[in-house]
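Breakdown of the fold
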Amino acid sequence: MSAVGVLAVAATLAVYYAADALYRRSGRHPLLHPVLLSIAALAALLEAAHLPYPRYMDGARLIAFFLGPATVALAIPIYRNLSAIGGSLPAVIGALVVGSTTAMVSAVGIAWALGAPPLIVRSLAAKSVTTPIAMAVSGEIGGAPALTAVFAILTGIAGAIAVAWIFPRGDRVDWRARGFSTGLASHAIGTAHAFTLDETAGAFSGLAMGLNALFTALVLPLAAALLPHSLRGH
Amino acid sequence: MFTPRLPAAALLRSLAVLVGCELAGNLLAGALGLPVSGTVLAMAGLFVWLIAVRRVPESLERTSQGLLRILPLLFVPAGVGVVAYLPLLRREWLVLAAAIGGSLAITMLVTWATMLGITRLLSRRGSREACDS
């Protein structure tokens, strides 16, 4: 590997390490999400060093390679989270199908209605899905995985902030419903925050994150093939 | 709590299983011309296998935990690719804020209401059946 490649790996590790330390120090504040900080810092470094992205990626590819097996490994926590279902199976299946479809259709619909370019519309479709899977799906439907990564992280941060106030007051709190909707809409970042509110909310949030990832990853590519031509990738 | 170290052979075997799954998923998606990502297909396959055998092999579990703890780091390099889209983001940021914020709020409320609605419907029917019998 070239010296620039080794430098890219070292810089990625160092920046992520520092961002993660800052995030922990802040008490895991959603706005200081380490991936978002790392991407911003590395983008600024590339700019300052006049280093084109492909030359950075020549080295950083080494880190990115492990994203594949790690994504496959996500099957294990998704399987573990199934135990949270208990007696709620019909409600879980109903909320998954309705919620997941709403997440895709509303993101695509709002962006399309406001005249966003097709690349943005396609990159938004999986924004509620956990980032690595959202990126894979985005690539399949002609979106830009890098854009989808940023959109998914922003969605997660917004969800982690919204969970504290978005649900109507006065209602008897059902932590299963609050957790499930948080994880479905804002994946791992929302789930981490749901756990700080309530253990049951966290468990249902993790369950929803996994089921939504599976549902979206299997349904969205098929749905994309049926979309109007203007939204299509090719 | 003391946990013995995972033997190197078990670690390597589990990594080989994960990479092998990914390879199989990619080959299968390619051969069948499926629009689904091969990596996601591999994850779905492993998920179905876990449901079938109803247990997670310990070495696979611990190797995966190690990988998943650094998962956020692993998608940083691809995320940095956003540098190519900065002009697009600058132009479309208002649309993006509306789409992300609007879709998030709609999705959270619709999912929450659906789950509550089905739960209440079933518990009402359940209590009515209990009264009938």
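Residues numbered from 1 in each chain as written. Chains lettered and ligands numbered in written order. Predicted model: local features only at pLDDT ≥ 70, side-chain atom pairs only at ≥ 80, totals over all residues.

Focus: the overall build of chain B
Per the secondary structure count, chain B includes six helices and zero strands. Secondary structure elements of chain B occur, N-terminal to C-terminal, as α-α-α-α-α-α. Its C-alpha radius of gyration of 23 Å places chain B more than 25% over the 14 Å reference for a compact globule of 133 residues. Once the C-alpha set of chain B is aligned to its principal axes, its extents read approximately 60 × 55 × 45 Å. Counting over 133 residues, chain B shows a buried share of 35%. Contacts spanning at least 24 positions in sequence make up 42% of the contacts within chain B whose residues lie at least 6 apart. (Helix = DSSP H or I, 4+ residues; strand = E, 2+ residues; numbered from the N terminus. Rg over C-alpha atoms; globule rule 2.2 N^0.38 Å. Buried ≥ 20, exposed ≤ 12 C-beta atoms within 10 Å, placed from the backbone. Contact = placed C-beta atoms within 7 Å.)

Brief notes about the packing of helix α9 (residues 145-162) of chain A against helix α10 (residues 175-197) of chain A
All names here are of chain A. For the pair α9 and α10, the least separation of the axes is 7 Å and the interaxial angle reads 75°. By the angle class used here, α9 and α10 are roughly perpendicular. Across the interface between the two elements, Ala-152, Ile-153, Thr-155, Gly-156, Ile-157, Ala-158, Gly-159 and Ala-160 of α9 pack against Thr-182, Ala-185, Ser-186, His-187, Ala-188, Ile-189, Gly-190 and His-193 of α10. Residue classes in the contact of α9 with α10 are distributed as eight nonpolar, eight polar and no charged. (Axes fitted to C-alpha atoms, helices over the stretch in contact; angles between N-to-C directions. Parallel < 35°, antiparallel > 145°, perpendicular 65-115°, else oblique. Nonpolar A, V, L, I, M, F, W, Y, C, P; charged D, E, K, R; others polar.)

Focus: the domain arrangement of chain A
Under the domain assignment, chain A is made up of domain 1 (3-65) and domain 2 (75-231). Between domain 1 of chain A and domain 2 of chain A, the residue contacts involve seven residues of the former and eight residues of the latter. (Domains from an automatic or database assignment.)

Regarding unusual backbone geometry
In this structure, His-187 of chain A is a non-glycine residue whose phi angle is positive, near 40°. Looking at where His-187 of chain A falls in the secondary structure, it is placed in helix α10. For His-187 of chain A, a count of 30 C-beta atoms within 10 Å puts it in the buried group. Positive phi is not limited to glycine here, since Arg-54 of chain B has a value of about 60°. Assessed through the 7 C-beta atoms surrounding it within 10 Å, Arg-54 of chain B is described here as exposed.

Details of the environment of Gly-156 of chain A
Residues and elements named next belong to chain A. Tracing the backbone through its elements, the reader meets Gly-156 in helix α9. With 30 C-beta atoms packed within 10 Å, Gly-156 lands in the buried category. Spatially, the C-alpha atoms of Gly-156 and Asn-212 are 14 Å apart, while their sequence positions differ by 56 residues. Other than its neighbours up to four places away in sequence, Gly-156 contacts Ser-186, His-187, Ala-188, Ile-189 and Gly-190.

A word on the domain arrangement of chain B
The domain architecture assigned to chain B consists of domain 1 (1-74) and domain 2 (79-133). Computed from C-alpha atoms alone, the centre-to-centre distance between domain 1 of chain B and domain 2 of chain B is 29 Å.

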